[in-house]
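Read off the chains here:
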Amino acid sequence: MRLIAVSDIHGRKGNLFDIIEKHIDEANYFLCLGDCNSGDDFDEANIYFGNKLHLITVCGNTDFRSTEPAVREFTLAGKRIMLCHGHTFKVKLTYITLAHEAKNRNVDIAFFGHTHEPHISIENGVYLINPGSVANGSYGIIDINDNEIKCELARI
């Protein structure tokens, strides 16, 4: 299963379209970790790509009109996944709070944004993944196969 993680689009729809177009035929899901102008950044993408764009999203600290939750949890390919923007876990100061919360929620992978800095680590047995900022041209590619997780950071 291939996941493409994006965050902090901040109106840079051209960058977003470049990422989607590159991966639309191979990605099972696109994960958006917030700051997408309350979903407006995906309006044209949803129209253009239609039902090929499988999107799961949470709201960020600048998504004032969003009806998406701040945190979302689900299971894909046998792995428990948590999405958040990260601001409620104060990720600009430390990843410790997010790592503890993810462990307490029994997730395997915690995705977050907010810092605009790409990051991959394993804390307390939990993958912490920040794809960086689409506005700055960065995103994440995550493959989950046969109980194995492979993560890489990419640029457009």
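Shown above is the structure to which this text applies.
Residues numbered from 1 in each chain as written. Predicted model: local features only at pLDDT ≥ 70, side-chain atom pairs only at ≥ 80, totals over all residues. Heavy atoms only, no water.

Draft legend 1. A look at the packing of aromatic side chains. Under the criterion given, the structure shown has four aromatic pairs. Arranged with centres 5.8 Å apart and planes meeting at 50°, the rings of phenylalanine 17 and tyrosine 48 form a pair that is tilted. With phenylalanine 17 in helix α1 (residues 13-23) and tyrosine 48 in helix α2 (residues 40-49), this pair connects stretches of sequence that are 31 residues apart. What makes phenylalanine 17 buried here is its relative accessible area of 16%. An angle of 45° between the planes, with centres 5.5 Å apart, marks the rings of phenylalanine 17 and phenylalanine 49 as tilted. Taken as a pair, phenylalanine 17 in helix α1 and phenylalanine 49 in helix α2 lie far apart in primary sequence, 32 residues in all. In textbook terms, an aromatic cluster arises when at least three aromatic residues are bridged by ring pairs, as seen for Phe17, Tyr48 and Phe49. (Phe/Tyr/Trp six-rings, centres within 6.5 Å; stacked < 30°, edge-to-face > 60°. Helix = DSSP H or I, 4+ residues; strand = E, 2+ residues; numbered from the N terminus. Buried < 20%, exposed > 50% of the residue type's maximum accessible area, 1.4 Å probe, protein only.)

Draft legend 2. Molecular detail of the pairing of strand β4 (residues 71-76). Summarising the sheet, β4 and strand β5 (residues 79-84) pair through six bridges and their orientation is antiparallel. In the sheet register, arginine 72 faces β5, and the bridge partner there is leucine 83. Counted along the chain from β4 to the antiparallel partner β5, the turn is two residues long, and its residue alanine 77 has a positive phi close to 50°. (Pairing = 2+ DSSP bridges.)

Draft legend 3. Quick look at the sheet that holds strand β6 (residues 109-111). One open sheet accounts for five strands, arranged β4-β5-β6-β8-β7; its pairing is mixed. At either margin of the open sheet sits one strand with a lone partner, and together these are β4 and β7 (119-123). Taken pair by pair, the neighbouring strands of this sheet meet at an average axis angle of 20°, ignoring direction. (Axes fitted to C-alpha atoms, helices over the stretch in contact; angles between N-to-C directions.)

Draft legend 4. Highlighting the environment of threonine 67. Within the secondary structure, threonine 67 sits in the loop between β3 (55-57) and β4. The class of threonine 67 is exposed, set by a relative accessible area of 77%. Residues threonine 67 and alanine 102 lie 35 residues apart in sequence; the distance between their C-alpha atoms is 23 Å.

Draft legend 5. The packing of α1 against α2, seen in detail. Following both chains from N to C, one finds α1 and α2 inclined at 40°, their axes separated by 10 Å at the closest point. Judged on the interaxial angle alone, α2 and α1 are oblique. As α1 runs across α2, the sense of the crossing is right-handed. Residue-level contacts link Lys13, Leu16, Phe17, Ile20 and Glu21 of α1 to Asp40, Asp41, Phe42, Glu44, Ala45, Tyr48 and Phe49 of α2. Considered class by class, the residues forming the contact of α1 with α2 number seven nonpolar, no polar and five charged. (Parallel < 35°, antiparallel > 145°, perpendicular 65-115°, else oblique. Left-handed = near helix turned anticlockwise from the far one by under 90°. Contact = heavy atoms within 4.5 Å. Nonpolar A, V, L, I, M, F, W, Y, C, P; charged D, E, K, R; others polar.)

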